[in-house]
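Listed here are the chains, written in short residue letters.
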Amino acid sequence: MKKRVIALLLAATMAFALTACGSSSTTEETTDTTDATAAEDTTDASAAEEAAEDTAEDETSAEAEAEESDASALYEEAVGQTYVIGTDTTFAPFEFENDEGEHTGIDIELFEAIADEMGFTIEWDILGFSASVAALEAGQVDGVMAGMSITDERMEKYDFSDSYYDCSIAVAVASDSEIESLDDLAGSTVVAKTGTTGSQYAEELAEEYGLELLYVEESSVMYLYVASGQAVACFEDYPIVQYEIARGNVDCKVINTSEYSYPTGMAVLSGNYPELVAAFNEGFARLQEDGTYDEILSHYFE
Ligand code: GLN
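Residues numbered from 1 in each chain as written. Predicted model: local features only at pLDDT ≥ 70, side-chain atom pairs only at ≥ 80, totals over all residues. Heavy atoms only, no water.

What to know about the overall build of the chain
Right, on to step 1. Tallying secondary structure elements over the chain gives 10 helices and 12 strands in all.
Right, on to step 2. Looking at the chain as a whole, 41% of its 302 residues are labelled buried.
Right, on to step 3. Contacts in the chain between residues far apart in sequence, at least 24 positions, make up 73% of those at least 6 positions apart. (Helix = DSSP H or I, 4+ residues; strand = E, 2+ residues; numbered from the N terminus. Buried < 20%, exposed > 50% of the residue type's maximum accessible area, 1.4 Å probe, protein only. Contact = heavy atoms within 4.5 Å.)

In structure tokens, the structure reads:
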């Protein structure tokens with residue numbers, strides 16, 4: 001009897017269990033499933049959206065990070081390197097010999113500060129402007145930092161850093177000269193520096209005003225030509241000649257400036273030393289932000 005009762009009980013329990021399983025549980029399950037599906041659907045939908053957003057965000061930040069790390073990987077390649085950089089001789093305030101006999105100026109101070117910031121070393125080669133460019137092309141220097149204008153023509157051959165200055169071109173005559181305009185200059189002999197944007201401007205005006213154009217290698221020689229009367233006018237980047245006039249080094253006055261101006265950058269041969277260009281740009285950005293760049297300029301301009 002006991003056995004029977006147990007058997008019945010078991011049967012009842014099983015029946016109940018089956019019923020429970022069969023119906024309510026199924027219903028529940030279905031409901032559950034439906035609910036779950038619905039819930040999941042909603043969750044899925046928003047989760048999917050979120051996931052997609054996350055992925056998108058991840059990708060964007062991954063891309064940004066990759067770009068950043070690409071750029072940082074690139075400029076980090078400059079760490080510990082030494083670069084030979086060609087520069088000009090007398091091109092104050094960008095580079096010149098100061099009273100202590102040191103070759104200094106905006107280009108020198110700025111690039112040295114960038115090198116310090118970014119962990120590379122510069123070996124300066126004071127060659128003159130056109131000689132620096134020739135040395136760059138011959139692979140004798142790695143880069144040129146010489147108040148070099150960024151022009152479309154040059155960009156075909158060189159890679160430039162970001163610009164750190166803008167220069168228009170000035171036409172200067174002796175301060176006691178009666179020449180006051182380009183019209184007054186017509187038919188005279190003028191002097192410009194080989195391979196410069198100043199000489200390009202001179203060439204443009206030479207045609208228009210019938211000028212005879214002489215070429216020299218150094219700005220200082222150009223000013224001597226004007227002082228001695230070998231040339232009536234010289235062509236120079238405006239901030240340069242203005243600086244020399246202001247510090248009493250050059251007895252000239254500016255009678256004309258070009259309508260256009262050029263940005264100024266550090267140049268390497270196209271495709272060469274991309275890490276140096278990246279390090280320059282990163283360093284320059286940092287020095288602009290922390291005030292060092294303005295501080296350097298203040299050594300030369302009030
Ligand atoms: N900015 C001018 C140029 O690039 C002159 C540079 C210089 O004489 N150092 O042509």
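Remarks on the confidence of the model for the chain
Right, on to step 1. Overall, the prediction assigns the chain a mean pLDDT of 85, with 76% of residues at 70 or greater.
Right, on to step 2. Every residue in residues 1-43 scores below 50 in pLDDT, and together they form 24 contacts with partners more than four places removed in sequence or on other chains. (pLDDT = per-residue confidence, 0-100.)

Some points on the site of the ligand
Right, on to step 1. With respect to spatial proximity, the complete set of residues near the ligand consists of D88, F91, F129, A146, G147, M148, S149, R154, K193, T196, T197 and D237.
Right, on to step 2. Between the ligand and A146, the relevant distance is 2.8 Å, taken from a nitrogen atom to a main-chain nitrogen or oxygen of the residue.
Right, on to step 3. The contact in question runs from an oxygen atom of the ligand to an N or O atom on the backbone of T197, over 2.8 Å.
Right, on to step 4. Protein coverage of the free-state accessible area of the ligand, which is 300 Å², stands at 100%. (Near = heavy atom within 4 Å. Polar contact = N/O pair within 3.5 Å; in protein donor to acceptor, adjacent residues only side chain to side chain. Areas by Shrake-Rupley, 256 points an atom, 1.4 Å probe, with all protein chains shown as cover.)

Concerning the sheet that holds strand β11 (residues 252-264)
One key point about sheets: their strands pair by backbone hydrogen bonds, in either a parallel or an antiparallel sense.
Right, on to step 1. Read from one edge of the open sheet, 5 strands run β9-β8-β10-β7-β11, paired in mixed fashion. Sheet topology places β9 (212-216) and β11 at the edges, where each strand pairs with a single neighbour. With direction set aside, neighbouring strand axes in the sheet form an average angle of 25 degrees.
Right, on to step 2. Note: strand β7 (residues 165-174) against β11, 9 bridges, orientation antiparallel. Note on β11: the bridge partner recorded for C167 is Y262.
Right, on to step 3. The strands that helix α7 (residues 219-228) touches are β7, β8 (189-193), β9, β10 (233-237) and β11; relative to β10, the one it contacts most, it runs at about 155 degrees. (Pairing = 2+ DSSP bridges. Axes fitted to C-alpha atoms, helices over the stretch in contact; angles between N-to-C directions.)

Some thoughts on unusual backbone geometry
A negative phi angle characterises most non-glycine residues, just as the trans form characterises most peptide bonds.
Right, on to step 1. Cis geometry is found at the peptide bond from A92 to P93, where omega equals 5 degrees.
Right, on to step 2. With respect to the secondary-structure elements, P93 resides in the loop between β1 (82-87) and β2 (96-97).
Right, on to step 3. One non-glycine residue, Y273, lies in positive phi territory at about 45 degrees.
Right, on to step 4. Note on placement: Y273 falls in the loop between β12 (267-269) and α9 (274-289).

Overview of a negative patch on the surface
Right, on to step 1. Together, D176, E178, E180, D183, D184, E203, E204, E207, E208 and D251 give the surface a local cluster of negative charge.
Right, on to step 2. Top element by residues in the negative patch is helix α6 (residues 197-209). It accounts for 4 residues. (Patch = residues over 30% accessible without salt bridge, like charges linked within 9 Å, V, L, I, M, F, W, Y side chains within 5 Å. Salt bridge = Lys/Arg side-chain N within 4 Å of Asp/Glu carboxyl O. Lys, Arg positive; Asp, Glu negative; His and termini not counted. Charge placed at Lys NZ, Arg CZ, Asp CG, Glu CD.)

Structural notes on the packing of aromatic side chains
Right, on to step 1. Scanning the entire structure with this criterion turns up 19 aromatic pairs.
Right, on to step 2. Taken together, a centroid distance of 5.4 Å and an interplanar angle of 85 degrees make the contact between F94 and Y165 edge-to-face. Note that F94 is positioned in the loop between β1 and β2 and Y165 in strand β7, a separation of 71 residues in sequence. In this pair, the class of F94 matches that of Y165, namely buried.
Right, on to step 3. With a centroid separation of 6.3 Å and an interplanar angle of 55 degrees, the aromatic rings of F96 and Y243 are classed as tilted. (Phe/Tyr/Trp six-rings, centres within 6.5 Å; stacked < 30°, edge-to-face > 60°.)

As for helix α2 (residues 106-118)
Right, on to step 1. For α2, which comprises 13 residues, the first-to-last C-alpha distance of 18 Å matches the rise-based estimate of 18 Å (1.5 Å per residue) to within 8%.
Right, on to step 2. For α2, every residue scored as buried is listed here: I106, D107, I108, L110, F111, A113, I114, A115 and M118. (Expected span 1.5 Å × (residues − 1).)

What to know about the environment of K253
Right, on to step 1. Inspection of the secondary structure assignment puts K253 in strand β11.
Right, on to step 2. Under the relative-accessibility criterion, K253 is labelled partly exposed at 23%.
Right, on to step 3. Spatially, the C-alpha atoms of K253 and D176 are 8.4 Å apart, while their sequence positions differ by 77 residues.
Right, on to step 4. Those residues in contact with K253, other than ones at most four positions away along the chain, are V171, A172, V173, A174, S175, S177, I179 and I245.
Right, on to step 5. Among the polar contacts made by the side chain of K253, one reaches the main-chain carbonyl oxygen of S177 at a distance of 2.6 Å.

Points about the side chain of T151
Right, on to step 1. As for its position among the elements, T151 is in the loop between β5 (143-144) and α4 (152-155).
Right, on to step 2. Sequence-distant contacts of T151, that is, excluding residues within four places in its chain, are made with T197 and Y262.

Some words on the pattern of salt bridges
Right, on to step 1. Throughout the structure, instances matching the rule amount to 5 salt bridges.
Right, on to step 2. With its nearest N and O atoms 2.9 Å apart, the salt bridge here joins E117 to R286. You can see E117 sitting in helix α2 and its partner R286 sitting in helix α9, a full 169 residues away along the chain.
Right, on to step 3. Residue E117 is classed as partly exposed on the basis of its relative accessible area of 34%.
Right, on to step 4. Linked by salt bridges that have partners in common, E117, E282 and R286 make up one network.

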